[in-house]
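Structural features, examined
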Amino acid sequence: MNSSQPLLRRLLIHRPLHLSTSTTTSTAHYSSTPPPSAMKSGTPIPGLTSIYPPSKDPSNPTAPTALPRSDYPSWVSALAEAPPTLAKLRNMKMEEATDKDMRRYLKLVRRNLIKENNAIAGI
């Protein structure tokens, strides 16, 4: 066993977890276009008044306001994207799966196993 391989790849080689090796082309499960902004630019962000109390001077608000989508780093847009489902991960070719995809696959498979065991035990 090559110790330079990532741990998840070694786990999948020695203990296959039904990752498909189908020949269908996989589509990207993350959108390349950013989702529309949830708030309009300049809107005060609710729920932060306890951290940022309102200013007595109305011309100088202290509460943070929403910025245009382009002012935020790219990873902020990634937070709104849904992660791939277990069904999508099962249909993904093992060669195309990233380590992040494999970690998510293992997490979802283990979660399902725990739920099945709890159902059998009557918990």
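This one's a predicted model, so the numbers in the text were calculated from it and none came from an experiment.

Focus: the overall build of the chain
Within the chain, the secondary structure is distributed over four helices and zero strands. If you list the helices and strands of the chain from N to C, you get α-α-α-α. Of all intrachain contacts in the chain linking residues separated by at least 6 positions in sequence, the fraction that spans at least 24 positions is 59%. About 9500 Å² of surface is accessible on the chain, with carbon and sulfur atoms providing 59% of the total.

Some words on the nonpolar core
Counting residues in hydrophobic clusters, the biggest one holds seven residues: Leu 86, Leu 89, Met 92, Ala 97, Met 102, Tyr 105 and Leu 108. Elements supplying a minimum of two residues to this core: α3 (86-91) and α4 (99-121). With three residues, the top contributor of residues to this core is α4.

A few points about α4
In a regular helix each residue adds 1.5 Å, so 23 residues correspond to 33 Å; α4 covers 33 Å between its end C-alpha atoms and thus fits that length. Buried within α4 we find Asp 101, Met 102, Tyr 105, Leu 106 and Leu 108. Phi turns positive one or two residues past the end of α4, at Gly 122, with a value near 80°.

Some points on the confidence of the model for the chain
Taken over all residues, the pLDDT of the chain has a mean of 75, while the share at 70 or more is 67%. Low pLDDT (under 50) marks residues 14-29, which in the prediction has 29 contacts with non-local residues, meaning those over four places away or in another chain.

A few points about the environment of Thr 65
With respect to the helices and strands, Thr 65 occurs in the loop between α1 (7-14) and α2 (74-78). Thr 65 sits 26 residues away from Met 39 along the chain, and the two C-alpha atoms are 9.4 Å apart. Setting aside residues no more than four positions away along its own chain, Thr 65 makes contact with Gly 42, Thr 43, Pro 44, Ile 45 and Tyr 72.

Parameters and conventions
- Residues numbered from 1 in each chain as written.
- Predicted model: local features only at pLDDT ≥ 70, side-chain atom pairs only at ≥ 80, totals over all residues.
- Heavy atoms only, no water.
- Helix = DSSP H or I, 4+ residues; strand = E, 2+ residues; numbered from the N terminus.
- Contact = heavy atoms within 4.5 Å.
- Areas by Shrake-Rupley, 256 points an atom, 1.4 Å probe, with all protein chains shown as cover.
- Core = buried A, V, L, I, M, F, W, Y, C linked by side-chain atoms within 4.5 Å.
- Buried < 20%, exposed > 50% of the residue type's maximum accessible area, 1.4 Å probe, protein only.
- Expected span 1.5 Å × (residues − 1).
- pLDDT = per-residue confidence, 0-100.

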